[in-house]
Amino acid sequence: MRAMRTKVLMAVATAAVATGGLAVPLAGSAAAAPAPAAKDAADFNGDGYGDVVLATPDATVNGVKKAGHVAVLYGSKDGVAGGRKQLVSQASAKVPGVPEERDRFGAAYDTGDLDGDGYADLVVGVPGENRRGFLTVLWGGRGGLVHGGLSMTSPRADDVGYGESVVVGDFDGDGKPHVATYSYYGAISLSGDGFTRTRAPKQQRLDLHSDDAFRVIERLEAGDYDGDGDDDLLASGIDNAEGDFLNGWVGYWKGGRTGVTFTAPPAALPATRTGLEGSGDVNKDGYDDVVITDKKAARGGAVGVYYGGKRGPGSGGATVLDQDSPGVPDEGEEGDEFGASASVGDVDGDGYADVAVGAPGEDAAGRTATGAVHLLKGSAAGLTGTGAQVLDQGTAGVPGAPEDDDRFGSAVQVRDTDGDGRAEVVVAAPGEDVFPGARWNDGSAWVLRGAKDGITTAGAYALSEKAFGLTYQNKAFGSVLGR
């Protein structure tokens, strides 16, 4: 498919979201229910520390190419550097399926306590499974992800790529999460609630209301954007894959106690294909805000926070920043790809969600596309350049050294792994060389700790597949970081 350059991100939109639409009840939803608990911190073993998953969908497993695996780093009082490690694939005991070429286990993932036992579970996309694709739910519990799992596949036998993107949310506010994913043939599959360790609830197909157009979904996101206690669902992708122009599109399903309601694409949000990059309360007003990026906007990319409000995502206004905005360090240059990745969480512990932004095309120390990660702070006024930071492998205290095409910042994730209330920033560099003779993409990951003033390099931690005794080359270890 041809890439489509999107310029509309730079417009700061405040238009209201339309409210009409079609209600789709969720299986098992109740007419009245308590407000959902806050999304967990991906604590698979229940020890109170957030855990990190580094997914490598192109990994070779037992000699099978691109079968894929996920590496789990368990948090501790010393963060993931002091915790244990685990490697999970379809070759692992109790995991559904077997490794097959191009399964791409780990192409996407999200977390949530699906069975209500107090432990986070891991939902892994396997879009290449028998070409049709499926999801694997790995159950958390004492000892972590060692309790097996179950698989889910598309309700349609002719689907392709089911599981390429996945999001977990409580869309009817009853405290029981649902799982949403998409497949290539223009559909979103949304589960009901009521997961058990032996049964996945029935799924429904959400109508994309595309008339005669062939809409293709490329990204999903969830958050409580209208503050009513129910998560809402956002989808983005191609408005019409059969048209002359592959224009972006955003769809919105408002959550509610009787199900989700499709609303006309929010006028407040820019059309985007893959720019949905996370949600959180950046201005601490009680509404989730959504981050939408455009790595080709401005000079080198831009990041927008579209604030939630009573009328949904973007109805609270927006802030768009780029590398030339006041306070933001560095300067925008073509090809920086500022906004190629982003993640939302409170890094400095002040109660406002911050936004970590990857710029994998950034040059540093005379090297090309070595990459960088920025931290943009949240505040009562929203996203701000004040106190912003930028780090790369040439920054003192960051392990490694800048090299051509490392692409540090291709993926980022914000997660508190040591329980101090200040989240760490996990950074992927899929182009990092690890083994002699590697072409350019063995891949490695970094964990940079949160502190009062933002990211600190004190105690910075880096690892590659070597930490798991692996010796394969050129597979971009840890290149996928979920929510």
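That block above? That's the structure.
If you're wondering where the values come from, they're calculated on a predicted model, not measured in any experiment. (Residues numbered from 1 in each chain as written. Predicted model: local features only at pLDDT ≥ 70, side-chain atom pairs only at ≥ 80, totals over all residues. Heavy atoms only, no water.)

Trainee: In this structure, what is going on with the pairing of strand E16 (residues 260-263)? I would like to understand it.
Mentor: Regular strands show a simple pattern: their side chains alternate between the two faces of the sheet. Here strand E15 (residues 248-254) pairs with E16 via three bridges, running antiparallel. The residue of E16 that forms the bridge with tyrosine 252 is threonine 263. In this antiparallel pair of consecutive strands, E15 and E16, the connection spans five residues, and glycine 259 shows a positive phi of 135°. (Pairing = 2+ DSSP bridges. Helix = DSSP H or I, 4+ residues; strand = E, 2+ residues; numbered from the N terminus.)

Trainee: In this structure, what is going on with the sheet that holds strand E6 (residues 121-126)? I would like to understand it.
Mentor: Two modes of strand pairing occur in sheets, parallel and antiparallel, and in both the strands are linked by backbone hydrogen bonds. With respect to topology, four strands assemble into an open sheet ordered E5-E6-E7-E8, the strand pairing being antiparallel. Edge positions in the sheet fall to strand E5 (108-112) and strand E8 (149-153), since each has one partner strand and no second. With strand direction ignored, the average angle separating the axes of adjacent strands in the sheet is 20°. (Axes fitted to C-alpha atoms, helices over the stretch in contact; angles between N-to-C directions.)

Trainee: Would you take a moment to explain the packing of aromatic side chains for this structure?
Mentor: A ring pair, where both rings are aromatic, is described by two values, the distance of the centres and the angle of the planes. Inspection of the entire model under this criterion finds three aromatic pairs. When the centroid spacing of 5.1 Å and the interplanar angle of 65° are considered together, the rings of tryptophan 253 and phenylalanine 262 count as edge-to-face. Judged by centre distance (6.0 Å) and plane angle (45°), the rings of phenylalanine 468 and phenylalanine 477 are tilted. Look at phenylalanine 477 and you get buried, because its relative accessible area is 0%. When the ring centre of tyrosine 74 is taken as origin, the NZ or CZ atom of arginine 84, which lies over that ring, is 4.2 Å away. (Phe/Tyr/Trp six-rings, centres within 6.5 Å; stacked < 30°, edge-to-face > 60°. Buried < 20%, exposed > 50% of the residue type's maximum accessible area, 1.4 Å probe, protein only. Lys NZ or Arg CZ within 6 Å of the ring centre and 35° of its normal.)

Trainee: Help me understand the pattern of salt bridges, please; the structure alone is not making it clear to me.
Mentor: Side chains bearing opposite charge may pair, as long as their charged atoms lie close to each other. According to the stated counting rule, one finds 18 salt bridges in the structure shown. When the shortest N-O distance is used, the salt bridge between glutamate 277 and arginine 219 registers 3.1 Å. Placement of the pair is glutamate 277 in strand E17 (residues 276-280) and arginine 219 in strand E13 (residues 216-223), with a sequence separation of 58 residues. Arginine 219 sits in the partly exposed class, given a relative accessible area of 22%. The closest approach of N and O atoms between aspartate 418 and arginine 449, which form a salt bridge, is 2.8 Å. Here the residue aspartate 418 occupies a position in the loop between strand E25 (411-415) and strand E26 (424-429), and arginine 449 occupies one in strand E27 (residues 444-451), the gap between them amounting to 31 residues. Owing to a relative accessible area of 23%, arginine 449 belongs among the partly exposed residues under this scheme. One network of salt bridges, in which partners are shared, links Asp58, Arg104 and Glu164. (Salt bridge = Lys/Arg side-chain N within 4 Å of Asp/Glu carboxyl O.)

Take it as geometry only, folks, not as evidence of what the structure does.
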